[in-house]
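# Results of the structural survey
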Amino acid sequence: MKRTILSIMIVSVLLFVSACGNGSGSLFKDGIEDYIGSTYQLFDTVTSTTNSDDYSQVYIAENQDISTVASDIQNHEKPSEMSEERDGKQIFIYDKQFVTLTESEDNSSDTMIEVAGEEFVQNNYRPSFFEGYLVASLLGNMFGNSWGSNRSQACKINPSSCYGGYNAAGTFAGKNTVPSIRGSSVRGGGTGSGK
């Protein structure tokens, strides 16, 4: 009897341990931010204008177009909301995370992947960044109905405090003039990883 109970306990532990791995049969998956950080190369960071401890992380998927990267990310974790790909941009919303895919300005065969938390998006993005995408209507629910008009007004007063996405032209006060990590050979998991 003791031997049977011990055998059952050992098998149970082995099954639990094997389920905890990172394979596709895993019970526990990395969150989307951790997954992107461990899959793609960290390229740059952008600091919030309102909180220097808050920033977005920009990754690069070399020789992969937006639809390939979008499929990969969705296969790992389906977003709660997503836009259509349009004009070289697609936006995914996860729990408290925004993931934006854009075609690289330097090489059209590369995709830039920007991961930003809700606070960063709320306090830094210009509302026009989301116009024409289905996710734009959700921002009022997330940040309050007056977010769009308040941010638009703030952008008129201080354009450098409004972020238009990583590839956007113009000056954003939080965007690194000398990129902090650009060209790094470090593969993901950079500063603030797992935050």
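Use the structure listed above.
Cut-offs used in this document
- Residues numbered from 1 in each chain as written.
- Predicted model: local features only at pLDDT ≥ 70, side-chain atom pairs only at ≥ 80, totals over all residues.
- Heavy atoms only, no water.
- Helix = DSSP H or I, 4+ residues; strand = E, 2+ residues; numbered from the N terminus.
- Buried < 20%, exposed > 50% of the residue type's maximum accessible area, 1.4 Å probe, protein only.
- Core = buried A, V, L, I, M, F, W, Y, C linked by side-chain atoms within 4.5 Å.
- Arc of directions from axis to C-beta.
- Contact = heavy atoms within 4.5 Å.
- Phe/Tyr/Trp six-rings, centres within 6.5 Å; stacked < 30°, edge-to-face > 60°.
- Lys NZ or Arg CZ within 6 Å of the ring centre and 35° of its normal.

Next up on the list: the side chain of Ser48. Its location among the elements puts Ser48 in the loop between β1 (41-47) and β2 (55-61). Residue Ser48 is classed as buried on the basis of its relative accessible area of 6%.

The next point concerns the nonpolar core. Residues Phe98, Val121, Tyr125, Phe130 and Tyr166 are the most contacted members of the largest nonpolar core, which totals 21 residues. Of all the secondary-structure elements, those providing two or more residues to this core are β1, β2, β4 (89-94), β6 (111-117), α4 (118-124) and α5 (136-143). Counting 17 residues, the second-largest nonpolar core is a separate cluster that includes Tyr59, Ile66, Val69 and Phe92.

What follows is about helix α3 (residues 66-76). Of the positions making up α3, those classed as buried are Ile66, Val69, Ala70, Ile73 and His76. Each buried residue of α3 sits inside an arc of 125° when the element is viewed along its axis, so together they form one side. Against the buried residues of α3 lie α2 (32-39), β2, β4, β5 (97-103) and β6.

All chains considered together, the criterion is met by 10 aromatic pairs. Relative to Tyr125, the ring of Phe120 lies with its centre 6.1 Å away and its plane at 80°, an arrangement referred to as edge-to-face. Phe120 sits in the buried class, given a relative accessible area of 0%. The class of Tyr125 is buried, set by a relative accessible area of 1%. Summarising the aromatic geometry, the rings of Phe120 and Tyr163 are spaced 5.8 Å apart at their centres and angled 85° between planes, so their arrangement reads as edge-to-face. Taken as a pair, Phe120 in helix α4 and Tyr163 in the segment after α6 (147-157) lie far apart in primary sequence, 43 residues in all. The buried category is assigned to Tyr163, whose relative accessible area is 1%. Each residue in the set Phe98, Phe120, Tyr125, Phe129, Phe130, Phe143, Trp147 and Tyr163 is aromatic and connected to the rest through ring pairs, giving one cluster. Above the plane of the ring of Tyr133 lies Arg86, whose end atom (NZ or CZ) is 4.9 Å from the centre. Here the guanidinium or amino end of Lys89 rests over the ring plane of Phe129, the centre of that ring lying 3.6 Å away.

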